[in-house]
Amino acid sequence: MSNFYKDRICLNVLADDLDNAEACYKAANGYVLIGVLSKNYATVDEAVLDMEQYAMKTNQSVSIGLGAGDPNQWKVVGEIARRFKPKHVNQVFTGVGYTRAALDNETTMVNCLVSPSGTPGFVTISTGPLSSQSTPAAIPIETAIAMMKDMGANSVKFFPMKGLRTLHEYKVVARACAKASFALEPTGGIDLNNFEEVVRVALDEGVEKLIPHVYSSIIDPATNQTKVKDVEMLYSKMTALVDSYE
């Protein structure tokens, strides 16, 4: 089955272990990708073995993560993707081409991390390990999307959103994604309170496919588990929103 509810929206949440992953998958009725962070593993071998277990528990619905957008993880993510073909991969701008080649398929969804620039209509593409330490390179979002398509990416990962603090920039990104028939993945500071507004903005602008990432805000700090009840609530909110746009 597709992970996108009505071919439009899919959650992306973390899971602390296999049981938590399975519970979150069921809570969202399968309309979710489970983020498993490459940064949590000492070796690629260890990551691949564990991610295969997650895949079995979630109908292959694994999203290989960097780990807080850490650009130093870009090549590890690519090497994991060479051996384990998930449904979704997170990647920095400069690592997309390598990752698509490593995957050797056109079916895995690969996002491309760009950051708010401070100027609506422009995004920062210098998100790699070296470029992120250099003078920021901001270009028009339309050009960034064209470059992403050139490299084999499927969606814009807009990070860090900082909740609603960059909403004015996010709206322009959403509009550009809609115009280019490109998916959008808002990430960073999204919680139960602002989730609906983040989703509504994208739907208002006509984004065809949306993957909101909701991470730390729904994790129980005492157990490090993603709260299943919160996933159920997010699922309810996102399905109601999509239904209202039909």
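Residues numbered from 1 in each chain as written. Predicted model: local features only at pLDDT ≥ 70, side-chain atom pairs only at ≥ 80, totals over all residues. Heavy atoms only, no water.

Engineer: Help me out: how do you make sense of unusual backbone geometry in this one?
Structural biologist: Negative phi characterises most residues that are not glycine, and trans characterises most peptide bonds. For the peptide bond that leads from F159 to P160, omega is 0 degrees, which places it in the cis range. Relative to the helices and strands, P160 is located in the loop between β8 (155-158) and α6 (167-179). The phi angle at N59 is positive, at roughly 55 degrees, despite the residue not being glycine. Mapped onto the fold, N59 is located in the loop between α2 (44-57) and β3 (62-65). When its relative accessible area of 39% is taken as the criterion, N59 is described as partly exposed. (Helix = DSSP H or I, 4+ residues; strand = E, 2+ residues; numbered from the N terminus. Buried < 20%, exposed > 50% of the residue type's maximum accessible area, 1.4 Å probe, protein only.)

Engineer: I would appreciate a short explanation of helix α1 (residues 18-27) in the present structure.
Structural biologist: Spacing of three or four residues puts side chains on the same side of an α-helix, whose turn is 3.6 residues. Buried within α1 we find N20, A21, C24, Y25 and A27. Buried residues in α1, looked at end-on, bunch into an arc of 160 degrees, giving them a common side. More than 90 degrees from the buried face of α1, the exposed residues found are D19 and K26. Close packing links the buried residues of α1 with β1 (11-14), β2 (32-37), α2 and α8 (228-244). Looking at where α1 begins, the residue whose side-chain oxygen comes 3.2 Å from the main-chain nitrogen of D19 is D17. Once α1 ends, the next one or two residues include N29, with phi positive near 55 degrees. (Arc of directions from axis to C-beta. Contact = heavy atoms within 4.5 Å. Polar contact = N/O pair within 3.5 Å; in protein donor to acceptor, adjacent residues only side chain to side chain.)

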